[in-house]
Amino acid sequence: QVQLVESGGGLVQAGGSLRLSCAASGRTFSSYAMGWFRQAPGKERELIATISWSGGSTYYYADSVKGRFTISRDNAKNTVDLQMNSLKPEDTAVYYCAARHRYGLGFARADFDSWGQGTQVTVSS
C-alpha cells in the first residue's frame, strides 16, 4: 500500500495560481501511474490529470483544465505536483492525489488504488 499526503491547497483569487504537491511513501515501487482528482460539493469526483510513474512520460488532462494545469513528477523524491494557473471559481473543489498500482494510465476513480486525504482549493471571483 502507498501512503499519499497532499499539500499546497488554499484560497486564491480568480486568475491566480497554486501548486499542489503529493508525497508518496510506502510501496512506491508498485505505483505505475499517479493522478489528481477533484470533487466539488454535490458533484462526482473527477479525474483532471494523470501521469505515468515510470517508463516514459505519458500524460492526460481533462478538457476543463487543459492548457492551465500541468502535472509533473519527481521519481527521486516520490512526489507528484499539480501546477494550476489561470484559476477559475469553478476550479473550487477538494483535490485528491491517487496512485495506480497497475500498468497503464487510469481514467476513472476505480482505476486507482491508493488515495490521499485531499486538500481544499478555493478560488474567489
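Residue positions are counted from 1 within each chain, in the order its sequence is given. This being a predicted model, a pLDDT of at least 70 is required before a residue's local features are given, and a value of 80 or more before pairs of side-chain atoms are given or counted; all residues contribute to the totals for chains, interfaces and linings. Think of the side-chain values as coming from all heavy atoms in the structure, minus any hydrogens and water.

This part takes up unusual backbone geometry. Phi is positive for asparagine 78, which is not a glycine, with a value near 55°. Residue placement: asparagine 78 occurs in the loop between strand E7 (69-74) and strand E8 (79-84). Its identity as a non-glycine residue notwithstanding, serine 86 has a phi of 50°, on the positive side. Structurally, serine 86 is set in the loop between E8 and strand E9 (93-100). In this scheme, a residue with accessible area under 20% of its type's maximum is buried, one over 50% is exposed, and one in between is partly exposed, where area comes from a 1.4 Å probe on protein chains only. Assessed through its relative accessible area of 40%, serine 86 is described here as partly exposed. Helix and strand definitions here come from DSSP, where helices need a minimum of 4 consecutive H or I residues and strands a minimum of 2 consecutive E residues; each element is numbered from the N-terminal end.

Residues Val2, Leu4 and Glu6 point to one face of strand E1 (residues 2-7) and are all buried, whereas Gln3, Val5 and Ser7, pointing to the other face, are not buried. When DSSP finds two or more bridges between a pair of strands, those strands are recorded as paired. Relative to strand E3 (residues 18-26), E1 runs antiparallel, the two being bridged by 6 bridges. Looking across to E3, one finds that valine 2 is bridged to glycine 26.

Let's shift gears to the pairing of strand E5 (residues 46-52). Regular strands have side chains that alternate between both faces of the sheet. Counting buried positions along E5 gives 6 out of 7 residues, so the element sits mostly inside the fold. Both strand E4 (residues 33-39) and E5 contribute to a ladder of 6 bridges, which runs antiparallel. The partner of arginine 38 across the bridge, within E5, is glutamate 46. Between E4 and the antiparallel strand that follows it, E5, lie 6 residues; glycine 42 among them carries a positive phi value of about 80°. Where E5 and strand E6 (residues 59-61) come together, 3 bridges link them in antiparallel fashion. Across the sheet, the residue bridging to threonine 50 is tyrosine 60, located in E6.

Shape is all these values report; function is a separate question.
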